[in-house]
Amino acid sequence: MTPILAIHGGAGTMRRESMTPEREAAFHAALRTCLEAGHKVLAEGGSAVDAVTRAVMALEDDPLFNAGHGAVYTSDGAHELDAAIMDGRDRNAGAVAGILGPRHPILAARAVLDSEHVMLHGPGALAFLRAHGVEFAPAAYFHTDTRWTALQAELERRRQTALDTRDDAAKHGTVGAVACDANGNIAAATSTGGMTGKAPGRIGDCPVIGAGTYADNATCAISATGAGEYFIRHAAGHEIASRMRYLGESLEQASSIVVAQLGEIGGSGGLVAVDAQGNVALPFNSAGMYRGTIGADGVAHTGIYREALRVG
Ligand code: ASP
């Protein structure tokens with residue numbers, strides 16, 4: 001098997017006119033760094049589950065992306081982070097929802113994966129994570145001026161508009177990774193702050209196994225980004241796996257059909273997907289999706305808009 005890794009850093013409107021060449025270059029460079037971090041694990045013979053963990057940690061560290069440091073704020077100005085990871089070998093999964101504390105929420109999800117539980121939230125989750133030696137960071141670590149300003153703009157927009165004119169596509173962001181390792185095992189990991197100005201207590205699709213995160217060696221590994229409520233209601237990740245399993249569709253067919261169907265009903269977003277043969281698909285129905293792939297040659301391919309991926 002030739003190992004391969006794919007990542008995303010969120011999907012959304014990403015208007016070209018508000019993107020400077022410098023900012024665009026910064027996104028490509030950041031995606032490259034995160035791809036290389038995950039690729040290193042695969043190149044050293046590591047497992048898919050370790051590679052997606054490493055890639056998502058790197059994405060969480062970068063404030064350009066909505067996860068970990070630089071996550072978006074809830075409507076009351078707090079951080080509530082969701083993360084999940086799934087191992088396609090045995091469908092073991094771990095997820096945390098609405099937490100604040102662990103420096104890398106994906107390591108919190110990983111600690112849950114390594115336990116008898118699948119999903120933890122609330123004070124019990126934090127106690128569990130502390131007891132399992134997961135590193136915590138002070139609340140200030142997660143703050144960025146950019147996200148705070150985005151929240152103020154969103155709250156102001158709500159004050160100005162009587163109608164609910166919310167533009168989900170403008171508020172997206174999430175990070176995720178999928179990988180197939182040298183043994184043909186696949187895994188998925190996703191981490192997010194959710195959506196700017198989300199209601200306190202709201203949980204998105206990211207930590208819901210079978211919605212925003214899913215992995216099964218028999219079909220596919222999926223990490224999604226977008227208007228989470230739609231991905232939950234349509235069990236997006238599991239739906240793609242089901243189409244492959246029962247209709248015999250390819251990864252490319254199944255994932256692009258589901259993403260297109262979500263788009264038709266208002267569920268903007270996209271996802272990254274791999275199967276155990278090392279095929280990759282990166283479908284999205286929004287204007288853009290920060291994304292990239294890296295194969296055995298270690299050369300990163302990155303993209304933002306609807307265009308061929310940039311090499312190296
Ligand atoms: N899917 C995430 C959520 O609904 C947000 C996103 O990917 O933009 O929480």
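The structure this text deals with has already been given above.
Residues numbered from 1 in each chain as written. Predicted model: local features only at pLDDT ≥ 70, side-chain atom pairs only at ≥ 80, totals over all residues. Heavy atoms only, no water.

A few words now on the sheet that holds strand 7 (residues 213-215). One open sheet accounts for four strands, arranged 7-8-9-10; its pairing is antiparallel. Unpaired on one side and paired on the other, strand 7 and strand 10 (280-281) mark the two borders of the sheet. Alignment of strand 9 (residues 269-274) against strand 10, held across two bridges, turns out to be antiparallel. When the bridges of strand 10 are listed, Val274 appears paired with Val280. Strands in contact with helix 7 (residues 236-247) are strand 7, strand 8 (221-226) and strand 9; relative to strand 7, the strand with the most contacts, it is inclined by about 30°. (Pairing = 2+ DSSP bridges. Helix = DSSP H or I, 4+ residues; strand = E, 2+ residues; numbered from the N terminus. Contact = heavy atoms within 4.5 Å. Axes fitted to C-alpha atoms, helices over the stretch in contact; angles between N-to-C directions.)

Looking at the ligand, there are 11 residues lining it, with Gly173, Thr174, Arg202, Asp205 and Gly226 nearest. Between the ligand and Gly173 there is a distance of 2.5 Å, counted from an oxygen atom to a backbone nitrogen or oxygen. Within the backbone of Gly228, a nitrogen or oxygen atom sits 3.0 Å from an oxygen atom of the ligand. Contact with the protein chains hides 100% of the accessible area of the ligand, taken as 270 Å² for the molecule alone. (Near = heavy atom within 4 Å. Polar contact = N/O pair within 3.5 Å; in protein donor to acceptor, adjacent residues only side chain to side chain. Areas by Shrake-Rupley, 256 points an atom, 1.4 Å probe, with all protein chains shown as cover.)

The subject of this paragraph is helix 5 (residues 145-160). The end-to-end C-alpha separation of helix 5 is 23 Å, in line with the 22 Å expected for 16 residues at 1.5 Å each. Of all the residues in helix 5, the buried ones are Arg147, Leu151, Glu154 and Leu155. One side of helix 5 carries all its buried residues, which in axial view fall inside an arc of 95°. Pointing more than 90 degrees away from the buried face of helix 5 are the exposed residues Asp145, Thr146, Thr149, Arg159 and Gln160. (Expected span 1.5 Å × (residues − 1). Buried < 20%, exposed > 50% of the residue type's maximum accessible area, 1.4 Å probe, protein only. Arc of directions from axis to C-beta.)

In this section: the pattern of salt bridges. Under the counting rule described, the total for this entry stands at 13 salt bridges. The closest approach of N and O atoms between Glu24 and Arg310, which form a salt bridge, is 3.5 Å. Of this pair, Glu24 sits in helix 1 (residues 21-43) while Arg310 sits in strand 13 (residues 310-311), placing them 286 residues apart in sequence. By relative accessible area, which is 15% here, Glu24 ends up buried. Residue Arg310 is classed as partly exposed on the basis of its relative accessible area, which comes to 39%. Via salt bridges that share partners, Asp50, Arg110 and Asp114 belong to a single interconnected network. (Salt bridge = Lys/Arg side-chain N within 4 Å of Asp/Glu carboxyl O.)

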